[in-house]
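The chain contents come next:
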Amino acid sequence: MQTFIQTDRQKVASHTLGVRVMVLTDQGDGLICQRLAAYGSLVEASDDLDEAVNAILEDRVGYDLFVMECDAFGGISGAEKAIAALIAGDAKMRVMLVSREFDVPAYPLGRRTAVCLPEDVSEASFRIGFDHVLRDRAAVMMN
């Protein structure tokens, strides 16, 4: 498992600061992890589905977001397996799925539904998906 944080931050929405993200990916330092770190997120990446799900379920603090690059882990059916395991473990978190099986980005309105993005998603569409999936997250304030 790898952890990323980037210090030269871009302007971000207050509800997205300090987001803890578990990324299931076969590219630990890939574009998705780099984008998330640039948004001010604390990113942990795993290349094993069971390890990622267990890390989420066993974490006492809790992750805010689970991002899965589906293609390396069985595509959409692999995503369904991961989400089912999270639901069975009573994890309450936001989910973004990235796959070549998606033709266009989908930003559903339901709070318990995943944002779905194509593998070649643009930076702008990825950012829209990130902000959308976190739209109901309260901003973190520290004094």
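In this report, the structure presented in the accompanying data block is examined. This structure is a prediction, so every number in the text was calculated from the model and none was measured.

1. Some thoughts on helix α4 (residues 123–133)
Working step 1: Considered for burial, the residues of α4 that qualify are Ser125, Phe126, Arg127, Gly129, Phe130, His132 and Val133.
Working step 2: Buried residues belonging to α4 abut α1 (31–38), β4 (65–69), β5 (94–99) and β6 (115–118).

2. Observations concerning the packing of α1 against α4
For any two helices packed against each other, one specifies the inter-axial angle together with the distance between the axes.
Working step 1: Close contact between α1 and α4 brings their axes to 11 Å; oriented N to C, the two are set at 60°. Taken together, the axes of α1 and α4 are oblique relative to one another. Here α1 and α4 pass one another in a crossing that is right-handed. Packed against α1, whose contacting residues are Ile32, Arg35 and Leu36, the element α4 presents Glu123, Phe126 and Phe130 at the interface.

3. Remarks on the packing of helix α2 (residues 49–58) against helix α3 (residues 75–88)
Working step 1: For the pair α2 and α3, interaxial distance at closest approach is 10 Å and the crossing angle is 25°. In terms of their interaxial angle, α2 and α3 are classed as roughly parallel. In this structure, the crossing between α2 and α3 has a hand that is right-handed. Two secondary-structure elements touch here, α2 through Leu49, Val53, Ile56 and Leu57 and α3 through Gly78, Lys81, Ala82, Ala85 and Leu86.

4. Structural notes on the pattern of salt bridges
Working step 1: Counted by the stated rule, this structure contains eight salt bridges.
Working step 2: Arginine 20 is paired through a salt bridge with aspartate 59; the nearest N and O atoms lie 2.7 Å apart. Taken together, the residues arginine 20 in strand β2 (residues 20–24) and aspartate 59 in the loop between α2 and β4 connect sequence positions 39 residues apart.
Working step 3: Classification of aspartate 59 by relative accessible area gives partly exposed; the value is 25%.
Working step 4: Between glutamate 119 and arginine 100 there is a salt bridge, with the nearest N and O atoms lying 3.9 Å from each other. One end of the pair, glutamate 119, is in the loop between β6 and α4; the other, arginine 100, is in the loop between β5 and β6, with 19 residues separating them in the sequence.
Working step 5: Using a relative accessible area of 48% as the deciding quantity, one classes glutamate 119 as partly exposed.
Working step 6: One network of salt bridges, with partners in common, ties together Arg20, Glu44 and Asp59.

Conventions we followed
Residues numbered from 1 in each chain as written. Predicted model: local features only at pLDDT ≥ 70, side-chain atom pairs only at ≥ 80, totals over all residues. Heavy atoms only, no water. Buried < 20%, exposed > 50% of the residue type's maximum accessible area, 1.4 Å probe, protein only. Helix = DSSP H or I, 4+ residues; strand = E, 2+ residues; numbered from the N terminus. Contact = heavy atoms within 4.5 Å. Axes fitted to C-alpha atoms, helices over the stretch in contact; angles between N-to-C directions. Parallel < 35°, antiparallel > 145°, perpendicular 65-115°, else oblique. Left-handed = near helix turned anticlockwise from the far one by under 90°. Salt bridge = Lys/Arg side-chain N within 4 Å of Asp/Glu carboxyl O.

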